[in-house]
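Given next are the chains, with one letter for each unit.
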Amino acid sequence: MSVAAEMPQMRAALKVDELEVAYLVRGVPREVLRGVSFEVLPGEAYGLVGESGCGKSTTAFAALRYLPANGRITGGHVYVDGKDVTRMSNRELRELRATRASMVYQDPGSALNPVLRIGPQVVECFTLLGQSNSEAEANSLAALRHVRIADPERVMQRYPHQLSGGMQQRVVIAMALACNPRLLVLDEPTTGLDATVEAEVLDLVRVLRVETDAAILLIAHNLGVIRSMCDRVGVMYAGKVVEEGPSQQVFDHPNHPYTVGLLNALPRHGVRKDEQLLATIPGSLPQIGTPLPTCVFVDRCQLATDICREQLAPVVRLTDDRWTRCHHADRVQDLADSIRQKGVESVDSHRVVLEMHDVSKTFRQQRQDVPALVGVDLGLEEGETLGLVGESGSGKTTLAKTMLGIHAPDAGGQVAIEGQGVAGLTTKRTADERRAVQMIFQNPDSALNRNWTVRRILKRSVTKLTGLRGAAADKRVDELAESLRLSQRHLDLKPRQLSGGLKQRVAIARAFAGDPRIVVCDEPTSALDVSVQAAILNVLADLQAGDKTSYLFISHDLGVVRYLSDRIAVMYLGRIMELGTTKQVFDGP
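Residues numbered from 1 in each chain as written. Predicted model: local features only at pLDDT ≥ 70, side-chain atom pairs only at ≥ 80, totals over all residues. Heavy atoms only, no water.

Glancing now at the layout of surface pockets. By volume, the second largest pocket amounts to about 830 Å³. In terms of lining residues, the second largest pocket is bounded by 35 residues, among which N222, L223, G224, D557 and G559 are the most central. Of all the secondary structure elements, the ones that give two or more residues to the lining of the second largest pocket are helix 8 (195-212), helix 9 (223-229), helix 21 (530-547) and helix 22 (558-564). Element by element, the count of residues in the lining of the second largest pocket is highest for helix 22, at 4 residues. Within the lining of the second largest pocket, the residues separate by chemical class into 13 nonpolar, 14 polar and 8 charged. (1 Å grid on protein atoms, 1.4 Å probe; cavity = no way out; pocket = protein on both sides within 12 Å on 5 of 7 lines; lining within 4 Å. Points joined across faces, edges and corners; volume = space filled by probe spheres on them. Helix = DSSP H or I, 4+ residues; strand = E, 2+ residues; numbered from the N terminus. Nonpolar A, V, L, I, M, F, W, Y, C, P; charged D, E, K, R; others polar.)

Set out below in structure tokens:
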């Protein structure tokens, strides 16, 4: 009997019952979901958490039969409002998606048509329900007001690129709610949004959930979002739900070794990198289609014994509404208090390696001057991490690009490296000046050449930045790979063959190819799950301690900024509004 089948009998808005999904890879079915079961009741929010590749998004897409062409439901059932989605015809499926279930994707920019104004896109959602154009337009305005858009008439006339990320997400949610769905699936709806916009979007979802009584399936890497939003949570690993229960209970008292590992990877309040490195989960997820006849987590589990390798892990009922899938549920609490790694030694130096004096940057838009930076004065010491925070549009990225020389500051502003003023544009800087400041981008997929091997990517950077060639360049590539824990096998792969965490390691290795003095980190962990994020932050801390590199660290995740940064600069409308030590800014703003 499935776990879901044992739940109290009540008409679920979504019921997933022993769902199995496989992807055809070169004609061979590779198992992805291995008997997933859970229920979401009307008005309830259910969260799915786990590392990238564990099957969360596949579960969400399978629930509405949005699987890619090579995806196959090979077993089990999915019921939405009592109707079996796995047995629906194409016509019935279209009706389900149009009238009873909706989905909100991670990137609202890709969910909206960039060449159409917002109005026609929202209106279409209502005309598909059989409404006349006049009715659809009136309901579109009402829908935008419903999601707290103050001037819907003006927004209807705009194109998606003219709206902020938070505003785009509100529009997408308005479109998803057009049919008053019984089920709303949210796949990473706040990734990439700053803290204030994220809070606005989540508050909106809370209000709409109460008003519409819709069931919500929420997928997110941010465990804090899941805890604050969801009534219950399911923890997934390798295509199985390994623990389920009320969110507060699961996060406060985890009862599966994998859940403990995820929670230990989070930065703790008040703990910094020089006190403790973040805990990481050893090993990696099994590759797609790997046979897992016993416990799926056995190869990475610190509690594993022979029985874990010989028998399928049993479902252990902890309470009526909580269970875990583990042979050693009674020993899991021993892991929860495990000692973390010792912190890295902080760099005690007050030598300033980069200065910005009275730096302003003005852009010309539609015949008007728009100030992006206004009189910024900033210094960065050797081995220091300066956290840069603020809302989207506050000027963080413009400041970073001006530091790098991508944008030239307005007349009168100056950027100095090691006490020497440098040209505003990187094209006019010397090779040593370009080498001194490097950048790690948010998305390694767009930053790395997909058609080159990792070895070629790194060797090109080494040659360009240091002038080394031949055997000397190869030796430097091997040194970079070793410091970033990349194997020789990884060096011969292309970026598309690597996981998100490994790709970001390659991006970091490329940034360090020329031994830079300053590295700009622009949201380097925002799209990574917590275990991979912990590994990347530990790598950055190790590299900094060894090379005395200075970081400008830009992030929307205030917990990460607090953990990694020595000082914090708070930006608003192109100005530095507050600058101080991390403790001063966070504990006494």
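Our next topic: the sheet that holds strand 13 (residues 352-365). The 4 strands are arranged 14-13-16-17 in an open sheet whose pairing can be described as antiparallel. Strand pairing shows two members of the sheet lacking a second neighbour, strand 14 (368-381) and strand 17 (420-422), which therefore form its edges. Adjacent strand axes in the sheet meet at a mean angle of 30°, parallel and antiparallel pairs treated alike. As paired strands, strand 16 (residues 414-417) and strand 17 are joined by 3 bridges and run antiparallel to one another. Bridge pairing in strand 17 places A416 opposite G421. Against the sheet, helix 14 (residues 396-404) touches strand 13, strand 14 and strand 16, its axis set at about 115° to strand 13. (Pairing = 2+ DSSP bridges. Axes fitted to C-alpha atoms, helices over the stretch in contact; angles between N-to-C directions. Contact = heavy atoms within 4.5 Å.)

Before going further, it helps to examine the packing of helix 7 (residues 165-176) against helix 8. Viewed as axis vectors pointing N to C, helix 7 and helix 8 meet at an angle of 15°, and their least axial separation amounts to 10 Å. Viewed along their axes, helix 7 and helix 8 adopt a mutual orientation that is roughly parallel. In the crossing of helix 7 with helix 8, the sense of the turn from one axis to the other is right-handed. In this structure, helix 7 contributes G166, Q169, R170 and I173 to the contact, and helix 8 contributes V197, E200, V201, L204, V205 and L208. Tallied by class, the residues present in the contact of helix 7 with helix 8 amount to 6 nonpolar, 2 polar and 2 charged. (Parallel < 35°, antiparallel > 145°, perpendicular 65-115°, else oblique. Left-handed = near helix turned anticlockwise from the far one by under 90°.)

Before going further, it helps to examine the pairing of strand 11 (residues 315-319). As judged from the 4 bridges shared by strand 11 and strand 12 (residues 322-325), these two strands associate in the antiparallel manner. Bridge assignment links T319 to a residue of strand 12, and that residue is R322. Hairpin connection from strand 11 to strand 12: 2 residues lie between these consecutive antiparallel strands.

This part covers the pattern of salt bridges. All chains considered together, the criterion is met by 27 salt bridges. E200 is paired through a salt bridge with R170; the nearest N and O atoms lie 3.2 Å apart. With E200 in helix 8 and R170 in helix 7, the pair connects residues that are 30 residues apart, well separated along the chain. Relative accessible area serves as the criterion here: at 41%, E200 is assigned to the partly exposed category. Relative accessible area serves as the criterion here: at 10%, R170 is assigned to the buried category. Between R322 and E243 there is a salt bridge whose closest N-O contact spans 2.7 Å. Here R322 is found in strand 12, whereas its partner E243 is found in strand 10 (residues 240-246), with 79 residues between them in sequence. Connected via shared salt-bridge partners are R351, E382, E418 and R517. (Salt bridge = Lys/Arg side-chain N within 4 Å of Asp/Glu carboxyl O. Buried < 20%, exposed > 50% of the residue type's maximum accessible area, 1.4 Å probe, protein only.)

Right, let's get into the side chain of D84. Structurally, D84 is set in strand 5 (residues 83-84). Polar side-chain contacts of D84 include one of 2.9 Å to the side chain of H77. A distance of 2.5 Å separates the side chain of D84 from the side chain of T86, its partner in a polar contact. Not counting the four nearest positions on each side in its chain, D84 is found in contact with H77, V78 and Y79. (Polar contact = N/O pair within 3.5 Å; in protein donor to acceptor, adjacent residues only side chain to side chain.)

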